[in-house]
Amino acid sequence: TVTVKPNPTVAVNSPSICNGQTATLTASGATSYTWTGGLPSTATVTTPALSANTSYTVTGTTNGCTGTAIATVTVKPKPTVTVNSPSICSGQTATLTANGATSYTWTGGLSGNPVTTPALSANSSYTVTGTTNGCTGTAVATVTVKPNPIVTVNSPSICNGQTATITANGATTYTWTGGLSGNPATTPALSANTTYTVTGTTNGCTGTAIATVTVKPNPTVTVNSPSICNGQTATLTASGATSYSWTGGLSALATVTTPALSANTSYTVTGTTNGCTGT
């Protein structure tokens, strides 16, 4: 009597993994197992990290009889994720756009794609993880923050009716309000206090400063015009300013005395207050 023992019906899973991962293979249906590919003789085994589809044959033994099954490990590629690394000016936001995957997650509390960073004042890095078919790839976006120029400008004082010269510093190029141009810039003749804003630009980043032109009033100078007899001197008294100068060689006083005169004579007095003059 020949007794025929049944061969075990061996089954094994065929998993999908991502490139660079290991796979867990589990055989069933027999008492003991051996595997190809250098895997250990256990029912459940772990493959090495794989970069391509790979097949393993498992042989199961029960009561000296064997059965086989083939596990095929499908290796899915990881997405190749790319992301831009923009330059911005201090205080601006940056727009980051990732490519190469189906969905994305970001560090730094960002979400979506594209994403907008908060306003930044220093160089910052964000890591994006892209996922396709359960496999992930990463990329790093570095946002370079360029400093805004620190712009300064003078605020001159002038006399009523004068022009002012305004000079900005701290940037490469400048634009002005009020129709001014160049640097230094010259204002038109002014009769009242006036402000001008200058915007300085360096490497695409800007800073601003305000120049205030203070317009000082010109003194209103008055002087008497006396009548004298031939051969007499005249006393001239000016008012309305702080200091005075006269034509005709008269002294620099508010009240002056002319030499003896034999003909009608005119004298011009120039009065000065805070550097401004009136005649």
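Residues numbered from 1 in each chain as written. Predicted model: local features only at pLDDT ≥ 70, side-chain atom pairs only at ≥ 80, totals over all residues. Heavy atoms only, no water.

**Brief notes about the state of the cysteines**
So, step 1. Under the definition given, this model contains 3 disulfides.
So, step 2. One disulfide bridge connects Cys-159 with Cys-276, the sulfur atoms lying 2.0 Å from each other. Around the S-S axis, the bridge from Cys-159 to Cys-276 shows a dihedral of about -95° and counts as left-handed. Residue Cys-159 is found in strand β17 (residues 157–159), and its partner Cys-276 is found in strand β29 (residues 276–278); the two are separated by 117 residues along the sequence.
So, step 3. For the protein chain, numbering the cysteines in disulfides from first to last along the sequence yields the connectivity 1-3, 2-5, 4-6. (Disulfide = S-S within 2.5 Å. Helix = DSSP H or I, 4+ residues; strand = E, 2+ residues; numbered from the N terminus.)

**A closer look at the pairing of strand β23 (residues 205–216)**
So, step 1. Burial along β23 is one-sided: the face carrying Cys-205, Gly-207, Ala-209, Ala-211, Val-213 and Val-215 is buried and the face carrying Thr-206, Thr-208, Ile-210, Thr-212, Thr-214 and Lys-216 is not.
So, step 2. As paired elements, β17 and β23 share 3 bridges and run parallel to each other. If you follow Cys-159 over to β23, its bridge partner there is Lys-216.
So, step 3. Connecting the antiparallel pair strand β22 (residues 194–202) and β23 is a turn made up of 2 residues, with Asn-203 showing a positive phi of about 55°. (Buried < 20%, exposed > 50% of the residue type's maximum accessible area, 1.4 Å probe, protein only. Pairing = 2+ DSSP bridges.)

**Brief notes about the sheet that holds β17**
So, step 1. What the 4 strands build is an open sheet, ordered β17-β23-β22-β20; its pairing is mixed. Pairing within the sheet leaves two strands with one partner each, and these edge strands are β17 and β20 (173–176). Averaged over neighbouring strand pairs, the angle between their axes works out to 30° when direction is ignored.
So, step 2. Of the pairings in the sheet, the one linking β20 to β22 comprises 4 bridges and is antiparallel in character. (Axes fitted to C-alpha atoms, helices over the stretch in contact; angles between N-to-C directions.)

Geometry only, nothing functional implied.
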